[in-house]
There are 4 protein chains.
Amino acid sequence: MATQLISEETRGVFPIAATPFSEDGSVDFESIDSLVDFYLESGAHGLTILGMMGEAHKLSDAESTEVIGRFMRRIDRRVPVIVGVSSPSMRKIVDLSKAAMDEGCAGVMITPMSGLKTEAQVLGYFDAVFDALGPEIPVCLQDYPTVTGVHISNETLLKLIDDHPSIVMLKHEDFPGLRKLTEVRKHGDRPDARRISILVANAGLYYPIEMRRGADGVMTGFAFPEMLVKVYDLFASGEADAAEDLYDLYLPLLRYEYQPGIGLALRKEILCRRGAIRCTATRSPGPALNRDEHAELTVLMDRLQRKLGG
Amino acid sequence: MATQLISEETRGVFPIAATPFSEDGSVDFESIDSLVDFYLESGAHGLTILGMMGEAHKLSDAESTEVIGRFMRRIDRRVPVIVGVSSPSMRKIVDLSKAAMDEGCAGVMITPMSGLKTEAQVLGYFDAVFDALGPEIPVCLQDYPTVTGVHISNETLLKLIDDHPSIVMLKHEDFPGLRKLTEVRKHGDRPDARRISILVANAGLYYPIEMRRGADGVMTGFAFPEMLVKVYDLFASGEADAAEDLYDLYLPLLRYEYQPGIGLALRKEILCRRGAIRCTATRSPGPALNRDEHAELTVLMDRLQRKLGG
Amino acid sequence: MATQLISEETRGVFPIAATPFSEDGSVDFESIDSLVDFYLESGAHGLTILGMMGEAHKLSDAESTEVIGRFMRRIDRRVPVIVGVSSPSMRKIVDLSKAAMDEGCAGVMITPMSGLKTEAQVLGYFDAVFDALGPEIPVCLQDYPTVTGVHISNETLLKLIDDHPSIVMLKHEDFPGLRKLTEVRKHGDRPDARRISILVANAGLYYPIEMRRGADGVMTGFAFPEMLVKVYDLFASGEADAAEDLYDLYLPLLRYEYQPGIGLALRKEILCRRGAIRCTATRSPGPALNRDEHAELTVLMDRLQRKLGG
Amino acid sequence: MATQLISEETRGVFPIAATPFSEDGSVDFESIDSLVDFYLESGAHGLTILGMMGEAHKLSDAESTEVIGRFMRRIDRRVPVIVGVSSPSMRKIVDLSKAAMDEGCAGVMITPMSGLKTEAQVLGYFDAVFDALGPEIPVCLQDYPTVTGVHISNETLLKLIDDHPSIVMLKHEDFPGLRKLTEVRKHGDRPDARRISILVANAGLYYPIEMRRGADGVMTGFAFPEMLVKVYDLFASGEADAAEDLYDLYLPLLRYEYQPGIGLALRKEILCRRGAIRCTATRSPGPALNRDEHAELTVLMDRLQRKLGG
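This one's a predicted model, so the numbers in the text were calculated from it and none came from an experiment.

What follows concerns the interface of chain B and chain A. The partner chain A presents 35 residues to the 35 residues of chain B that form the contact. Both sides together, the interface formed by chain B and chain A hides about 2,900 Å², and carbon and sulfur atoms give 49% of it. Scanning the region where chain B abuts chain A turns up 16 salt bridges. Residues Asp248 of chain A and Lys307 of chain B are paired through a salt bridge, measuring 3.1 Å at the closest nitrogen-oxygen approach. The interface formed by chain B and chain A includes 18 residue pairs in polar contact (both at pLDDT 80 or more).

Residue and element names in this part refer to chain C. By the definition in use, this model includes 38 aromatic pairs over all chains. Taking the centre distance of 6.1 Å and the plane angle of 85 degrees together, the rings of Phe222 and Tyr250 count as edge-to-face. Of this pair, Phe222 sits in the loop between strand 8 (217–218) and helix 9 (225–236) while Tyr250 sits in helix 10 (residues 240–257), and the two are 28 residues apart along the sequence. In this structure Tyr250 comes out as buried when scored by relative accessible area, which is 4%.

Moving on to the pattern of salt bridges. Evaluated as defined, the whole model comprises 120 salt bridges over all chains. Of the charged contacts, one joins Arg278 of chain B and Asp28 of chain B as a salt bridge, the two residues approaching to 2.6 Å between their closest N and O atoms. Of this pair, Arg278 of chain B sits in the loop between helix 11 (262–273) and helix 12 (291–309) while Asp28 of chain B is found in the loop between strand 1 (12–13) and helix 1 (29–41), placing the two residues 250 residues apart along the sequence. Assessed through its relative accessible area of 54%, Arg278 of chain B is described here as exposed. Ionic pairing is found between Asp248 of chain D and Arg303 of chain C, a salt bridge with its closest N-O pair at 2.9 Å. Placement of the pair is Asp248 of chain D in helix 10 (residues 240–257) and Arg303 of chain C in helix 12 (residues 291–309), with the two residues belonging to separate chains. Here Asp248 of chain D falls in the buried class, since its relative accessible area comes to 8%.

Another point: helix 3 (residues 90–102) of chain B. Residue and element names in this part refer to chain B. Along its 13 residues, helix 3 runs 18 Å from first to last C-alpha, staying within 8% of the 18 Å computed at 1.5 Å per residue. Among the structural elements, helix 2 (61–75), strand 3 (81–84), strand 4 (107–110) and helix 4 (119–133) are those in contact with the buried residues of helix 3. Gly104 sits one or two residues past helix 3 and shows a positive phi near 95 degrees.

Okay, the relation of the copies chain D and chain A next. Relating the two copies of this chain is a rotation about some axis coupled with a shift parallel to it. The two copies are related by a screw operation: chain D maps onto chain A through 180 degrees of rotation and 0.0 Å of translation along the axis, at an RMSD of 0.0 Å. The transformation just described matches what one would write down for a two-fold rotation axis. The C-alpha atom lying nearest the rotation axis in chain D is that of Asp61 of chain D; the distance is 3.2 Å. A shared interface surface links the copies, since 95% of the contact residues of chain D are contact residues in chain A too.

A word on the relation of the copies chain B and chain A. Aligned on chain A, chain B shows an RMSD of 0.0 Å; the corresponding rotation is 180 degrees and the shift along the axis is 0.0 Å. Comparing interface residues between copies, 100% of those in chain B also sit at the interface in chain A, which points to an isologous, same-surface contact.

Moving on to the pairing of strand 5 (residues 139–143) of chain D. All names here are of chain D. Of all five residues that make up strand 5, five are buried, and the element is covered over most of its length. Taking every second residue as pointing to the same face, both faces of strand 5 are buried, with Val139, Leu141 and Asp143 on one and Cys140 and Gln142 on the other. The sheet contact formed by strand 4 (residues 107–110) and strand 5 spans three bridges and is parallel. Considered in strand 5, the bridge of Met109 is made with Cys140. Relative to strand 6 (residues 167–172), strand 5 runs parallel, the two being bridged by five bridges. Residue pairing across strands places Cys140 opposite Met169, the latter belonging to strand 6.

Turning next to the sheet that holds strand 6 (residues 167–172) of chain B. Residues and elements named next belong to chain B. An order of 1-8-7-6-5-4-3-2 is seen for the eight strands of this open sheet, with the pairing classed as parallel. In the strand order of this sheet, the two ends are held by strand 1 and strand 2 (47–49), each with one partner. By the bridge criterion, two bridges tie strand 1 to strand 8 (residues 217–218) in an arrangement that is parallel. Note on strand 8: the bridge partner recorded for Gly12 is Gly217. Sheet contacts for helix 2: strand 2 and strand 3; angle to strand 2, the most-contacted strand, approximately 165 degrees.

Turning our eyes to something else, we now look at the interface of chain D and chain A. Buried accessible area, meaning the area lost when the parts come together, often serves as the stated size of an interface. With 20 residues of chain D in contact, the opposing surface of chain A contributes 19 residues. For the chain D and chain A pair, buried surface summed over both sides reaches about 1,500 Å², with 51% attributable to carbon and sulfur atoms. Counting across the chain D and chain A interface gives zero salt bridges. Counting across the chain D and chain A interface gives 13 residue pairs in polar contact (both at pLDDT 80 or more). Looking at the side of chain D that touches chain A, the elements that each hand over two or more residues are helix 2 (61–75), helix 3 (90–102) and helix 4 (119–133) of chain D. In terms of residue count, helix 3 of chain D provides more of the side of chain D that touches chain A than any other element does, three residues in total. When the residues that make up the side of chain D that touches chain A are grouped by side-chain class, the tally is seven nonpolar, six polar and seven charged.

This part is about helix 3 of chain D. Every buried residue of helix 3 of chain D is listed here: Met90, Ile93, Val94, Leu96, Ser97, Ala100 and Met101 of chain D. Contacts from the buried residues of helix 3 of chain D go to helix 2, strand 3 (81–84), strand 4 and helix 4 of chain D.

For the bond from Ser284 of chain A to Pro285 of chain A, the omega torsion is -5 degrees, close enough to zero to count as cis. Look at the link from Phe175 of chain C to Pro176 of chain C: it is a cis peptide, with omega at -10 degrees. Take Pro176 of chain C: it is sitting in the loop between strand 6 (167–172) and helix 7 (178–189). Although it is not a glycine, Asn202 of chain A adopts a positive phi angle of roughly 50 degrees. Positionally, Asn202 of chain A belongs in the loop between strand 7 (197–200) and helix 8 (207–212). For Asn202 of chain A, a relative accessible area of 7% puts it in the buried group. At Asp76 of chain B, a residue that is not glycine, the phi angle is positive and equals roughly 55 degrees. Residue position: Asp76 of chain B is located in the loop between helix 2 and strand 3.

Calculation notes
Residues numbered from 1 in each chain as written. Chains lettered and ligands numbered in written order. Predicted model: local features only at pLDDT ≥ 70, side-chain atom pairs only at ≥ 80, totals over all residues. Heavy atoms only, no water. Contact = heavy atoms within 4.5 Å. Buried area = accessible area lost by both parts, 1.4 Å probe. Salt bridge = Lys/Arg side-chain N within 4 Å of Asp/Glu carboxyl O. Polar contact = N/O pair within 3.5 Å; in protein donor to acceptor, adjacent residues only side chain to side chain. Phe/Tyr/Trp six-rings, centres within 6.5 Å; stacked < 30°, edge-to-face > 60°. Helix = DSSP H or I, 4+ residues; strand = E, 2+ residues; numbered from the N terminus. Buried < 20%, exposed > 50% of the residue type's maximum accessible area, 1.4 Å probe, protein only. Expected span 1.5 Å × (residues − 1). Least-squares fit on C-alpha atoms with pLDDT ≥ 70 in both. Pairing = 2+ DSSP bridges. Axes fitted to C-alpha atoms, helices over the stretch in contact; angles between N-to-C directions. Nonpolar A, V, L, I, M, F, W, Y, C, P; charged D, E, K, R; others polar.

Put into structure tokens, the structure is as follows:
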């Protein structure tokens, strides 16, 4: 069976996968299997691995390749997989991208290198990326200025889309970013421009509003991916209000997860409680929960259960 | 009647007041009166004026004084008023603080000057502030690194509280900041340390969680202050779950307001729709809503009405 | 005699003037007079007041106006004066600009407001500035990303120049910025584009190199302005190597002054030693020298004397 | 012969070595040999490899190890070698450090991870580093806030030195940083505190001033390391003024190299012109010179030759 590549038409829910570690800091490959099962059972339409939430920058070159391999074998081409390949080195971007595509991945995700100061530099950076990467590999452009410090205006983003046909998807997490989402969407309606796939992120804090604005889905690590899928399905069937009703039940917990840093530990804790992985450990330096946060999480999860059961 | 000063015991809901402008950019003094009425009818326990949301940095020296005067006359000492006095100039901090106290204000709010890089610099800065300000004026310390870029560790914050008895209140808006809140609260439980007032902010995104952690109230500009008050009252009467239930109804709208920049325009729009002020204008350079945002706000307000009415 | 306005043709040395304070922090108006005399005796072709080095943001509205007035009376239209009017408030920019022009100033200097993240925002900001300011007042655009955090690409800078005929001068202090200088200079050679005045800054650290690249002069606060003037004159008479020889003698001291923060205290100390002002005080919060720095300054000044005398 | 480790007593000139690349971007191992020869012939007392100037973050894990090996074989224990091991992953820091020490390196250099916001976080970060690294490997702490964005106060730096005996050396490149240098030096004079080695950097812009303040040497990539050595020797023999005279001859060129970004390309160009490496290429994304910069470099090098009498 041929590899399923991401394209301008890709839609749905692509959870950002955690990378499971054992207490001793080694990669927990068996938990990769159970995590894949968890995401696929939630109905996810795809998966993104080695993103920031996947602690990709803490893996050695060899580990990165092994982690990709393990995910790919378990997924077994049932859904498309996007691999984060961002790096301060063009050569590393290319090498990891090629390795990922060889493993049967559907595309790669690239965020502009930290330290780009002007939009001319952003444009030049992606010119260099696509020169080095070639035209064959489909790319999801991650626009996440809160973390990268690289700010891309609407105009520059549209120019990047126009200039580089390889960019088939936007991971949209500028904040606040609703207007930018609308601009990219409208741009795709012009006869001379491409409509690309837009998956939203920012922990999903504006997911239903963004779906109303024309997003094609969501790419985030919220530890209840089945909600993301149901909301997506409700929007797909035209039931925006029902979608938002369901989303709102999870919003108190989602906004708790939304906290930077500690959010990763919260997600791993929930994934553990739900049986998706065996160990909550993050790699050093990384966050860990204390007693207060364990208790708060329990309160919020109990409240959610009550509302869902009511 | 003597001025009511803020103190370590101050509790409750202190809305951050907008500064109303007319379409031509002049201060709309009549709307100050109606805005005061709106806040007091909501049950607010105090008011904060000339904060960031009040666009204080866009007022001339003369306007600042006039705005304080108008607020004070309308409030007429019914509730304590805190005045934002942050400035890159020590002299301006002192001059505005003295003018505010002369008008009968209850205290001043100070955020560390942008550009402080180390915590030693933060400590030195506040040493200079209190040298210049003297010991008489009670101060609310605003800790808002997202905007100021000044990061204060728990240790430094506790040292500031220990060193400066004038600091009677913390406006807590570090993010994520729940652990810091707990540290400050616990510090106050030690026999040799002061318990100060902690009012939380960050648009109220974690308000009930922070109340469970021991916050004394909230200081934010959410345009439905009556919710903030009811949640406060429910917590005060031990009904944390009921408080959170009520809060959760407003959370979808609150997280929409939470967007930086545009959030001010959203709040002014809601205040207008609710009759609190006459004009949504912000001073240039400032945000304005477009059609999409008007529509989204209407959807969110309608959904809120439905839930409240249900 | 009519006011002499700055224009695209303006050339020469425009020292950034300090604002002299007394030990008690009040403005030392008499030292303004002696400072003007000092700068004019050095041969300066103009003067810039109320810049960052002038601690403009620490002055009250009333003081700003008084300081402008005092400088203008002493200068008495002998050289053109540029006034810094940057502010987070459009209204303040306009009000101060008009007051300055009424006093007979030659133009105003504006740096983009901190917090502008994209170049689209920079373009929008200056659209708003010139909408508010009108077409009559000549403007020096200060491009100083190290301090403002606002990065302007060559393309955006050229567009600003094309869009706004009021921009007649660039204060060039991007760092590193030699290529940008060359781009602006080349742009002015195109028949359809304007050649504007370029005065360089960054403490003068690359002054002769920038003159070789086509700069029209320098706008910095180096406390030996007579060197800046002589170097300018040597370049004007085609003696680039002699200019650089002279400059190099001062470079050890100039690079000592180049230190941010403390640099202002160093300059005020030198101005005091040279009799230009009476007191080294900066306004709080501001830098002050310690014994080490006094001694180092003495060593460097002595070494300079020796080289000049040799 | 046993490995020579860096210690609190280490002094002298430790050039930061470039990593030579060929035009095709591969590591030019033969140029490593000639570069080592160049540095040792200049009289350098040690060498630092895989620093920022060495483009370490653009090397794969395998390349890092090979580069270390090649440098070590050519150096053949004639001088001590420090290896940069900074990484966002604790595991990578440890793995690379151990590999380096196994190769006979003298110590490792660590800069705090970008993103540390408070000094409490800095302290916690280094606690974790030394927990993971163990007590055996001597460490040079690189304090370079301009690049890392991590600001360390004097107090925190002294505490790090007190807490971690493994820190035997400071690479001092805070800017402005003269007072911090003095504080660290004075701290070492206290009977209960350790005097550690201080090598200065910041391109050497304040090298002689810092030697007068008690620095033990310099660690920078200035492409005329023989000047750094001669200045060091002159200071060592008490001839501070002669040292500064010599330094001043090179200052115009040194401050040209001081430009961030392009500075690396300038250094590689000079190293090429001087025969130390075969190719000026930096790895993508990296800087390259244009015609203006080639010409300016030639002017500055010619002027230097003339002053030197050559």
